[in-house]
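# Structure assessment
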Amino acid sequence: MAVLPIIKAPDPILKKHCVPVEVVDDEIRTLMDDMLETMYVAPGVGLAAPQVSVHKRVIVVDTSRGDTDRSPIQMADPELIESSDNLAVYDEGCLSFPDQYAEVERPAKVRVRYLDYENEIQEIEAEGLLSTCIQHEMDHLDGKLFVDHISMLKRNIILRKMSKLKKTEALS
Ligand code: GNR
Ligand code: NI
């Protein structure tokens, strides 16, 4: 297992679309394990492969937030098969945007089909933080970021802060 470096915005790596995995083999399982470890160390409640520079359709989530009873979900090729008409607002953050938060509105409930760690087809129905988190991670696979859901004004404020952060980091 390995902790991988997380790409911070702005970076073209985060804007690229990811390719389907098709089969969860040992290579994908290693990626899933490394992503989960990276997410726990960060710490975060989700992580998408492009955030660790891998352009494959793989995401991991764990919204339990407990050290004792972890409930990791590792997904390859997640597909949205149903989403509720009613929406929910969540104050979202992203490991690629440290210390930046914004309210994002998304479908409250989703049903998602994916390939699990054993390469079996699974379906999950999610609501609350888990629903938000899965949708946030699936967006990453298409180069979409949480700031793409908010007003241009709020987006520009956050993007400017991130650019400044990168410049000061480059100097040190
Ligand atoms: O750790 C994370 N927290 C979070 C909080 C609210 C909504 C979404 C998230 S996902 C984020 C981790 C991350 O950047 N995943 O891509
Ligand atoms: Ni994110």
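Everything quoted here is computed from the prediction, not taken from an experiment.

### A word on the sheet that holds strand 1 (residues 46-48)
- In space, the 5 strands of this open sheet follow the order 1-2-3-6-7, with antiparallel pairing throughout. A strand with exactly one partner marks an edge of an open sheet, and here the two such strands are strand 1 and strand 7 (121-127). Geometrically, the sheet is characterised by an average inter-axis angle of 40° between neighbouring strands, direction not taken into account.
- Where strand 3 (residues 73-83) and strand 6 (residues 109-115) come together, 5 bridges link them in antiparallel fashion. When the sheet's bridge partners are listed, Glu82 is paired in strand 6 with Arg111.
- Set on the sheet, helix 1 (residues 26-41) makes contact with strand 1, strand 2 (58-61), strand 3 and strand 6; between it and strand 2 the angle comes to about 40°.

### Examining the layout of surface pockets
- Roughly 610 Å³ of volume is contained in the largest pocket.
- Lining the largest pocket are 29 residues, and of these Pro43, Gly44, Val45, Gly46 and Leu95 sit closest to its centre.
- Of all the secondary structure elements, the ones that give two or more residues to the lining of the largest pocket are helix 1, strand 4 (87-94), strand 5 (97-107) and helix 2 (128-140).
- Residues that form the lining of the largest pocket fall into these classes: 12 nonpolar, 8 polar and 9 charged.
- In this structure, the second largest pocket encloses a volume near 170 Å³.
- Forming the walls of the second largest pocket are Arg57, Leu80, Arg106, Pro107, Gln135, Met138, Asp139, Asp142 and His149.
- Of all elements in the fold, only strand 5 and helix 2 reach the threshold of two or more residues within the lining of the second largest pocket.
- In terms of residue count, the dominant contributor to the lining of the second largest pocket is helix 2 (3 residues).
- Split into classes, the residues belonging to the lining of the second largest pocket amount to 3 nonpolar, 2 polar and 4 charged.

### Considering the packing of aromatic side chains
- Applying the stated rule across the entire model yields 1 aromatic pair.
- Judged by centre distance (5.3 Å) and plane angle (90°), the ring pair of Phe97 and Phe146 falls under edge-to-face. Separated by 49 residues along the polypeptide, Phe97 in strand 5 and Phe146 in the loop between helix 2 and helix 3 (152-171) bring together distant segments of the chain.
- On the basis of relative accessibility, which here comes to 2%, the residue Phe146 falls in the buried class.
- Note that Arg29 overlies the ring of Tyr117, its terminal NZ or CZ placed 5.9 Å from the centroid.
- Sitting over the face of the ring of Tyr40, Arg70 holds its NZ or CZ atom 3.7 Å from the ring centroid.

### Here we look at helix 2
- Helix length check: helix 2 (13 residues) gives 19 Å between terminal C-alpha atoms against 18 Å at 1.5 Å per residue, within 8%.
- Turning to helix 2, its buried residues are Leu129, Leu130, Ser131, Thr132, Cys133, Ile134, Gln135, His136, Glu137, Met138, Asp139 and His140.

### Observations regarding the coordination of the nickel ion (ligand 2)
- Binding of the nickel ion (ligand 2) to the protein goes through Cys94 (SG), His136 (NE2) and His140 (NE2), at separations of 2.1 to 2.3 Å.
- Donor residues for the nickel ion (ligand 2), ordered by position in the chain, follow C-x41-H-x3-H. Within this pair, whereas Cys94 is found in strand 4, its partner His140 is found in helix 2, the two being separated by 46 residues in sequence.
- Since its relative accessible area comes to 9%, Cys94 is described here as buried.
- Looking at His140, the relative accessible area reads 1%, which means it is buried.

The rules behind the values
- Residues numbered from 1 in each chain as written.
- Chains lettered and ligands numbered in written order.
- Predicted model: local features only at pLDDT ≥ 70, side-chain atom pairs only at ≥ 80, totals over all residues.
- Heavy atoms only, no water.
- Pairing = 2+ DSSP bridges.
- Helix = DSSP H or I, 4+ residues; strand = E, 2+ residues; numbered from the N terminus.
- Axes fitted to C-alpha atoms, helices over the stretch in contact; angles between N-to-C directions.
- Contact = heavy atoms within 4.5 Å.
- 1 Å grid on protein atoms, 1.4 Å probe; cavity = no way out; pocket = protein on both sides within 12 Å on 5 of 7 lines; lining within 4 Å.
- Points joined across faces, edges and corners; volume = space filled by probe spheres on them.
- Nonpolar A, V, L, I, M, F, W, Y, C, P; charged D, E, K, R; others polar.
- Phe/Tyr/Trp six-rings, centres within 6.5 Å; stacked < 30°, edge-to-face > 60°.
- Buried < 20%, exposed > 50% of the residue type's maximum accessible area, 1.4 Å probe, protein only.
- Lys NZ or Arg CZ within 6 Å of the ring centre and 35° of its normal.
- Expected span 1.5 Å × (residues − 1).
- Donors = N, O, S within 2.8 Å, 3.2 Å for Na, K, Ca; no water.

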